[in-house]
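These are the residues of each chain, in order.
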Amino acid sequence: MKKLPILENECRRQFCKEALMVSGLLLGGSTLSTLVSGCETDVSKVSTEPTGEIFTIDVQNDAEISKLVDGQGVKRTLTQNGKSLNNGTPVIIVRVNENQYKVYTSLCTHESNPILPPNPLDESRPDGGVNIWCTYHGSFFDPANGSRVEGPAQNPLREFTTQFVKPILTING
Ligand code: FES
């Protein structure tokens with residue numbers, strides 16, 4: 001079965017929410033719960049097939065990425081040669097150390113809300129900024145591997161395969 005891209009899926013989710021608001025006035029609880037379960041989506045299972053598209057970043061000459069410290073990340077929308085990484089949804093690029101970068105989708109696996117890159121320089125964050133953070137319901141993800149640290153999200157972030165040969169970071173879409 002063809003998988004829905006994330007943006008289409010977002011539209012489907014919005015449609016479901018609006019339809020349920022109307023139908024909730026007309027239907028009983030069991031019927032409504034059946035409809036709800038049909039509309040829920042595990043975003044970790046959406047659009048995870050590699051597209052074969054290749055994206056590259058010269059990290060030394062990138063104004064933001066070249067300034068990252070270890071454990072810090074940026075959010076970036078990547079479009080090259082008319083193709084968009086992650087269906088146009090921004091990705092989070094994390095500098096693990098000078099020899100390694102990680103790239104994840106920027107959508108939480110709980111309810112698809114946008115998440116923040118780690119920033120260990122931001123002392124105001126509840127975890128000291130060491131994790132990728134979804135502010136909507138407080139899920140945290142490990143920037144080293146995308147796994148859930150805590151919060152209502154259960155699944156890890158979608159991670160993109162990368163190669164880093166200084167100074168070029170190659171991302172397999
Ligand atoms: S959408 Fe991220 S924790 Fe709920």
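This one's a predicted model, so the numbers in the text were calculated from it and none came from an experiment.

1. Points about the confidence of the model for the chain
- Mean pLDDT over the chain: 81, with 72% of residues reaching 70 or higher.
- Low pLDDT, under 50, characterises residues 1–46; the predicted model gives this stretch 38 contacts beyond four residues in sequence or across chains.

2. Points about the sheet that holds strand β7 (residues 132–134)
- Across the sheet, three strands lie side by side as β7-β8-β9; this open sheet has antiparallel pairing. Two strands lie at the open edges of the sheet, namely β7 and β9 (148–150), each paired on one side alone. Averaged over all pairs of adjacent strands, the angle between strand axes in this sheet comes to 30°, irrespective of strand direction.
- Bridging between β7 and strand β8 (residues 139–141) involves three bridges; their strand directions are antiparallel. Among the inter-strand pairings, Ile-132 is bridged to a residue of β8, identified as Phe-141.

3. Some words on unusual backbone geometry
- Cis rather than trans, the peptide bond between Lys-166 and Pro-167 has omega equal to 0°.
- Here Pro-167 is to be found in the loop between β10 (159–165) and β11 (168–172).
- Notably, Asn-81 is not glycine yet its phi reads approximately 55°, a positive angle.
- One can find Asn-81 in the loop between β3 (79–80) and β4 (83–84).
- One non-glycine residue, Asn-86, lies in positive phi territory at about 60°.
- For Asn-86, the position within the fold is in the loop between β4 and β5 (91–97).
- When the 23 C-beta atoms within 10 Å are taken as the criterion, Asn-86 is described as buried.

4. Things to note about the sheet that holds β10
- Judged by pairing direction, the sheet is antiparallel, and its six strands sit side by side in the order β1-β11-β10-β6-β5-β2 without closing on themselves. Every interior strand has two partners, whereas the edge strands, β1 (54–58) and β2 (73–76), have only one. Across the sheet, the mean angle from the axis of one strand to that of its neighbour is 25°, orientation sign disregarded.
- Two elements, β5 and strand β6 (residues 100–105), share six bridges in a ladder whose sense is antiparallel. Residue pairing in the sheet places Val-94 in a bridge with Lys-102 of β6.

What counts and how
- Residues numbered from 1 in each chain as written.
- Predicted model: local features only at pLDDT ≥ 70, side-chain atom pairs only at ≥ 80, totals over all residues.
- pLDDT = per-residue confidence, 0-100.
- Contact = placed C-beta atoms within 7 Å.
- Pairing = 2+ DSSP bridges.
- Helix = DSSP H or I, 4+ residues; strand = E, 2+ residues; numbered from the N terminus.
- Axes fitted to C-alpha atoms, helices over the stretch in contact; angles between N-to-C directions.
- Buried ≥ 20, exposed ≤ 12 C-beta atoms within 10 Å, placed from the backbone.

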